[in-house]
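Residue strings, one per chain:
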Amino acid sequence: PIPCSKSPTRDPRVRRSLRTGFSHRFGNNTHTSLTSHPSASCITESKTNSSPQVHVFTMSEIPHILSVLVLDAEGKRVAVKYYDEDMTTVAQQMAHERNVFAKTSRNNARGDAEITLLDHHVLVYKFASDLHFYVCGAEHENEIILATVLTGFFDAVSLLLRGVMEKRTALENLDLVLLAIDELIDGGVILETDANVIANRVSMRGAEGEQATPLAEQTLSQALATAKEQITRNLLR
Amino acid sequence: MTDGHAESSKKRDEESEEGLDFSPFWGIEKGAVLQEARCFNESQLDARRCQQVITKLLYLSNQGDSFTRVEATEVFFSVTKLFQSNDSNLRRMVYLIIKEICPSADEVIIVTSSLMKDMNSKIDLYRSNAIRVLCNITDAGLLGQIERYLKQAVVDKNATVSSAALVSGHHLLQVNSEIVKRWSSEVQEAMSSKNPLVQYHALGLLHRIKQNDRLAVSKLVTQLSRSPLRSSLAQCLVIRYVAQVIKDTKVDEVTGERPFFDFLESCLRHKSETVIFEAARVIIELNEVTTRELQPAVTVLQLFLSSSKPILRFAAIRALNKVAMNNPSSMTNCNIDMESMISDQNRSIATLAITTLLKTGKESSIDRLMKQISTFMSDIQDEFKVVVVEAIQELCLKFPHKHRILMNFLSNVLREEGGFEYKKTIVDCILCLVKSIPDATEAGLTHLSEFIEDCEFTYLSSQVLHLLGELGPSTADPGKYIRYIYNRVILENATIRASAVCALANFGSCSVALRDRVLTLLQRCLYDNDDEVRDRAAFFLSVLRTIPETDSECVEDPLIYPLAPLEASLRQYLENTGDSAFDLAVINQIHNNIASHPDMHASSFDCPSMNISSTKNDLRESENIITSRGEFMSYGPIFKSCHAVDLTEAETEYKVTCTKHTFKEHIVFHFMCSNTIEDQILENVSVVMDAIEGVEVFAKVSTIPLGTMPLGHFGSTFVSYKRAQGLHPVAKMACTLKFTSKEIDPSSGEPESEGYEDEYTLEDIDVTVTDFLTGNPLSAFRKVWDTLPIENEKVGDYSLGTRESLGEALEAVVGILGMAACEGSEVIAPHARSHTTLLSGFFVGGHSVLVQLNLGMGPSNSVAMKLIVRAEKPYIADMIHTLVSEA
């Protein structure tokens, strides 16, 4: 067998592109580029490897998030992000999302966050209107830590969408949702769980040299100004 | 709830019709978006528009659209132009898309300078994001240039920047661990940050930097366990690290206390649920945790059970489920809470509650429990049902008296709708119960024969038919199964018909009374459409006719060849497309080949791991190796195998483990050796054993050396002894590893021609009575007890000293004897002052040994034990007493 397919994680370049989830999809569907891009070719080989890579977790590791998903009421993607080395292809991810949706969609997770086990993963989820939010961790992970991450994410999105938790609003502000995921998790490591902090970082509050006011504590006029800007942005599209 | 559901689905329908038109991405197309991306190159940048185009690109990628490398490169180049704009929201999106594109090494250079500039920006959010992006796309070479900035950023007063640098440190450890290790004093400083997340990231990184230095970790943990951290996530990490340290250190033998246990216990009183739960989880997972240690953890988990949050309930019940596996008696107080969870809205929680209850349940509560479960079963999915059925199987093996009600339950669920996996689990479960509980055989067979009347799965029908053929003839009324079986011959497909024919034939051969009728039925099968069915019918007809009228014997001989080599030789035969017929004698040749080629041996038994642990797999593997060796065939079947014991210290040049296999008259020591150093070759390896004690009992028979000790794999060498009958089988063996060592010349890579002989002293091996004693769970203990001669009964009284509880005392005694508890008698009622446990086992040679164990707890918790032993041979009963009194 090809040595790099046995342990694709040994090459740091490969490991990094695996970590960044679906990003490697940029550029690995032309064969000419495969040969010129060593990391991409390694990934395709690891995909064809029949025995899946089992990452050995020990209790002493820092909590690792495997995926963050936002699906709609039919199980379609709104925004997703994977940090799972065993789920790097779109086909695997889509299959996972189908399983996730089939298992959870009939439950009522509109009040408290709900939880279940799925294929040796712990899945915590919370629904709002036609949006389904999921955070997935390894089987042995502390469930309450996963729940903290989910709550942080859910509340941050809720703040950013100004409480309108609907698929349409989420798609109209997809940049904010994607940034919220980016501020929540970095390569599987929990970056921040405080919804206010996440929302402030996403909207780059403080970047223009202005006073950093948390989104929740804005004055009425500030809120109106921001809302006005939002509306203009949406009309301009 | 159904109303709400219908309403929402109606609403959804409306939305999907209109929704598409309103989606901002409706009709989006990759080519068009790539065209739009040209606006990045304009001299007057429209920040809003650029932001929207980036969002569209990310949307496409997120929906699973792929970009070619050329397209990605083009997008990347134009994106780099956007650093000219000072719009902070646009800049944020630029950071995001660069991470998504993950540019190749030669492209990274283009953004490096822009990102370096942002890393030194006055704006904190630019600094933090630039760090994350740069670390994400950088390679080891570039890292050297930015290292200084990163080190500085770790101790930045802004939490965002510090966190970004620390988390990037986590990822960089995989790229270049040396550089990150140089940060340890800065990381240490960041640990005292006021921001909880910074503290968490710093602690995680510090531990990873130091994790190979056991002393440093232990020091860090000791220091951290004294004062609680501000961040609850960080506190969870401390708990995990403490657990690791506990695992690596031994229990204090004088006081019997674990180091750091007080700390874990104090974390159970933390204000954060996350920390409380982490501590409880860790306590549960401790090695050989005692009931006393478990108690505080179980108490907090019990509180979680009644929480309003599903996640807390789930976490708690999942943890308790683990407790129930090994210490069911320590959580009897939770039973009431768990029973109310059977009707939990969240089905995962309900299922976990049921399986936990089935593990902790007492015999008296089974009826009530089964009633509750029956109502629950109809409204859950198959995958949950499978879990429940598996738990019921365990329960039934534990309380064989209850087989009637449990079997009824199984037959009821078998009749209901269900998929293949579910049905298979039920059938497997009944098969297992039928085989292990003699009283349940008839009922089980009846249920199964009814099941195949209406079974849509060929695989299951065949399996049931085989079982009917195997067990049916020996039941009280074998005639009644014939009808079920013959019905299959009439109604089913060829595969099932063929299985049915075999089953019929078995009835014919075992029961003289039925033979004529079976012959008639088989005669009819000769006209079957299918070749295989006809062949089998014809074969069995001729066999049955040769059996004398009055004799009964089984048609099918048990397979006399070991399976693994048989399979290997059949494969080999199929590969060589020769014309010659398959020769069974080849099989023996094959094992010798396997034995002499360690490489092939490794691949055929699939033992690539260097990690020696005494798991069941290793044991089975070792058993496989033994049974596939021709040398030990004459010893008969293995009576008992003991878990592998390490005979070498960790991290020595050789790794040797020993597994003891006991046979009727022999004992074989199987040494698995592996070489851990690349530049040496060890040849002609053997273990020399000398009995220090027990010389008169064991006589050496043979030593089988190993050609070369493989690197990374295990090679096997054996020593076998014959045991003198009737003597107390106890011995101590001194072991020495002997070998010829050859060094590999580093310049040529070839081994030297001349080696030198060397030896290495291994740990001693003890042989004890328990090696010759196995557990044998009985369903009707009393019956067997009465059949054993009363004159062989030996009674003895023992004092077990002061014990925490009866459970602990019982655990200790059962641990020494290694016998199986019967009829669920190992479960002790809480706060009981006396208890009787029934133990059963086999002594080598198939002699039954039964033990009644009466425990009583006096004042000040001193435990007294009365041990009544009955065995077929008086010396065996004596042996049990010696075993207990010497322990």
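Residues numbered from 1 in each chain as written. Chains lettered and ligands numbered in written order. Predicted model: local features only at pLDDT ≥ 70, side-chain atom pairs only at ≥ 80, totals over all residues. Heavy atoms only, no water.

1. Quick look at the overall build of chain B
1) Next: Along the backbone of chain B there are 37 helices and 17 strands.
2) Next: When each of the 887 residues of chain B is scored for burial, the buried share is 52%.
3) Next: A fraction of 65% describes how many contacts in chain B between residues 6 or more apart in sequence connect residues 24 or more apart.
4) Next: Summing over all exposed atoms, chain B offers an accessible surface of approximately 40,900 Å²; the carbon and sulfur share of this is 50%. (Helix = DSSP H or I, 4+ residues; strand = E, 2+ residues; numbered from the N terminus. Buried < 20%, exposed > 50% of the residue type's maximum accessible area, 1.4 Å probe, protein only. Contact = heavy atoms within 4.5 Å. Areas by Shrake-Rupley, 256 points an atom, 1.4 Å probe, with all protein chains shown as cover.)

2. Looking at unusual backbone geometry
All names here are of chain A.
1) Next: Even without being a glycine, Asp119 presents a positive backbone phi close to 45°.
2) Next: In this structure, Asp119 sits in the loop between β3 (114-118) and β4 (121-128).
3) Next: Within the chain, Arg162 stands out as a residue other than glycine whose phi angle is a positive 55°.
4) Next: Along the chain, the position of Arg162 falls in the loop between α6 (143-160) and α7 (167-172).

3. Some remarks on the pairing of strand β2 (residues 77-82) of chain A
Residue and element names in this part refer to chain A.
1) Next: With six of six residues buried, β2 is to be regarded as a mostly interior element.
2) Next: Both strand β1 (residues 65-72) and β2 contribute to a ladder of five bridges, which runs antiparallel. Among the inter-strand pairings, Ser67 is bridged to a residue of β2, identified as Tyr82.
3) Next: Taking the residues that link successive antiparallel strands as the turn, the β1-β2 hairpin has four residues, and the phi of Gly75 there is positive, at about 85°. (Pairing = 2+ DSSP bridges.)

4. Observations concerning the packing of aromatic side chains
Residue and element names in this part refer to chain B.
1) Next: Tallying each qualifying case throughout the model produces 16 aromatic pairs over all chains.
2) Next: Centre to centre, the rings of Phe539 and Phe540 are 5.2 Å apart; their planes meet at 65°, and the pair counts as edge-to-face.
3) Next: For Phe539, a relative accessible area of 47% translates into the label partly exposed.
4) Next: Among the aromatic side chains, those forming a connected cluster through ring pairs are Phe669, Phe698, Tyr721 and Phe772. (Phe/Tyr/Trp six-rings, centres within 6.5 Å; stacked < 30°, edge-to-face > 60°.)

5. Overview of the confidence of the model for chain A
1) Next: When pLDDT is averaged across chain A, the result is 73; 65% of the residues are at 70 or more.
2) Next: Note on residues 1-58 of chain A: pLDDT is under 50 here. Beyond four places in sequence and across chains, it has 105 contacts. (pLDDT = per-residue confidence, 0-100.)

6. Overview of the side chain of Thr112 of chain B
Residues and elements named next belong to chain B.
1) Next: Along the polypeptide, Thr112 turns up in helix α6 (residues 105-119).
2) Next: Given the relative accessible area of 7%, Thr112 is considered buried.
3) Next: Those residues in contact with Thr112 that lie beyond four places of it in its chain are Leu134 and Leu142.

7. Quick look at the interface of chain A and chain B
1) Next: Listed per partner, the contact involves 80 residues of chain A and 83 residues of chain B.
2) Next: Both sides of the chain A and chain B interface together cover about 7,600 Å² of buried area, and 56% of this is carbon and sulfur.
3) Next: Between the two partners, chain A and chain B, sit nine salt bridges.
4) Next: With a closest N to O distance of 3.6 Å, Glu183 of chain A and Arg132 of chain B form a salt bridge.
5) Next: The tally of links from chain A across to chain B stands at 21 residue pairs in polar contact (both at pLDDT 80 or more).
6) Next: In the side of chain A that touches chain B, the residues fall into 32 nonpolar, 18 polar and 30 charged. (Buried area = accessible area lost by both parts, 1.4 Å probe. Salt bridge = Lys/Arg side-chain N within 4 Å of Asp/Glu carboxyl O. Polar contact = N/O pair within 3.5 Å; in protein donor to acceptor, adjacent residues only side chain to side chain. Nonpolar A, V, L, I, M, F, W, Y, C, P; charged D, E, K, R; others polar.)

8. Some details on the packing of helix α7 (residues 124-137) of chain B against helix α9 (residues 159-175) of chain B
Residues and elements named next belong to chain B.
1) Next: Contact pair α7 / α9: the axes reach a minimum separation of 8 Å and the direction vectors enclose 5°. The angle between α7 and α9 places the two elements in the roughly parallel class. Note on element contacts: α9 touches α7 through Thr160, Val161, Ala164, Ala165, Ser168 and Leu172, opposite Asp124, Leu125, Arg127, Ser128, Ile131, Arg132 and Cys135.
2) Next: Considered class by class, the residues forming the contact of α7 with α9 number seven nonpolar, three polar and three charged. (Axes fitted to C-alpha atoms, helices over the stretch in contact; angles between N-to-C directions. Parallel < 35°, antiparallel > 145°, perpendicular 65-115°, else oblique.)

9. Re the pattern of salt bridges
A pair can form between side chains of opposite charge whenever their charged atoms are brought close.
1) Next: Going through the model one piece at a time under the given rule, you end up with 39 salt bridges over all chains.
2) Next: With a shortest N-O distance of 2.9 Å, Asp182 of chain A and Lys99 of chain B are connected by a salt bridge. With Asp182 of chain A in helix α8 (residues 174-184) and Lys99 of chain B in helix α5 (residues 88-101), the pair connects residues from two separate chains. As far as burial versus exposure is concerned, Asp182 of chain A and Lys99 of chain B are alike and both buried.
3) Next: Here Glu285 of chain B ties to Lys322 of chain B by a salt bridge, and the two come within 3.6 Å at their closest N and O atoms. Within this pair, whereas Glu285 of chain B is found in helix α16 (residues 273-285), its partner Lys322 of chain B is found in helix α18 (residues 310-326), the two being separated by 37 residues in sequence.

10. Overview of a negative patch on the surface
1) Next: A cluster of acidic residues, Glu678, Asp679, Glu743, Asp745, Glu750 and Glu752 of chain B, forms a negative patch on the protein surface.
2) Next: Mapped onto the secondary structure, Glu750 of chain B falls in the loop between β9 (731-743) and β10 (756-761). (Patch = residues over 30% accessible without salt bridge, like charges linked within 9 Å, V, L, I, M, F, W, Y side chains within 5 Å. Lys, Arg positive; Asp, Glu negative; His and termini not counted. Charge placed at Lys NZ, Arg CZ, Asp CG, Glu CD.)

11. What about the nonpolar core?
All names here are of chain B.
1) Next: With 243 residues, the main nonpolar core has Phe40, Leu203, Leu301 and Leu410 as its most contacted residues.
2) Next: Excluding residues within four positions of it along the chain, Phe40 makes contact with Leu45, Cys50, Val53, Ile54, Leu57, Ser78, Val79, Lys81 and Leu82.
3) Next: Counting residues in each nonpolar core, the second largest holds 57 residues, with Tyr721, Leu810, Val844 and Val849 among its members. (Core = buried A, V, L, I, M, F, W, Y, C linked by side-chain atoms within 4.5 Å.)

12. Regarding the side chain of Asp528 of chain B
1) Next: You can see Asp528 of chain B is positioned in the loop between α29 (515-525) and α30 (531-546).
2) Next: With residues near it in sequence (within four places) discarded, Asp528 of chain B still touches Arg497, Val533 and Arg534 of chain B.

13. With respect to the sheet that holds β1 of chain A
Hydrogen bonds between backbone groups are what pair the strands of a sheet, and the pairing can be parallel or antiparallel.
All names here are of chain A.
1) Next: Ordered by their spatial adjacency, five strands build an open sheet running β2-β1-β5-β4-β3, and the pairing between neighbours is antiparallel. Because the sheet does not close on itself, it has two edges, and the strands there are β2 and β3. The mean angle between the axes of side-by-side strands here comes to 20°, regardless of whether they run parallel or antiparallel.
2) Next: The pairing of β4 with strand β5 (residues 131-138) spans eight bridges and is classified as antiparallel. Within the sheet, the bridge partner assigned to Phe127 lies in β5 and is His132.
3) Next: Strand contacts of α6: β1, β3, β4 and β5, with the helix running at about 30° to β4, the strand carrying the most contacts.

14. A closer look at the packing of α29 of chain B against α30 of chain B
Packed helices, taken two at a time, are described by their axes: the angle between them and the distance between them.
All names here are of chain B.
1) Next: At a minimum axis distance of 9 Å, the contact between α29 and α30 shows a crossing angle of 150°. One element, α29, and the other, α30, form an angle in the roughly antiparallel class. As α29 packs across α30, the resulting crossing turns out to be left-handed. Residue-level inspection shows Arg515, Val518, Leu519, Leu522, Gln523 and Cys525 of α29 in contact with α30, the latter providing Arg534, Ala537, Phe540, Leu541, Leu544 and Arg545.
2) Next: The residue makeup of the contact of α29 with α30, split by class, is eight nonpolar, one polar and three charged. (Left-handed = near helix turned anticlockwise from the far one by under 90°.)

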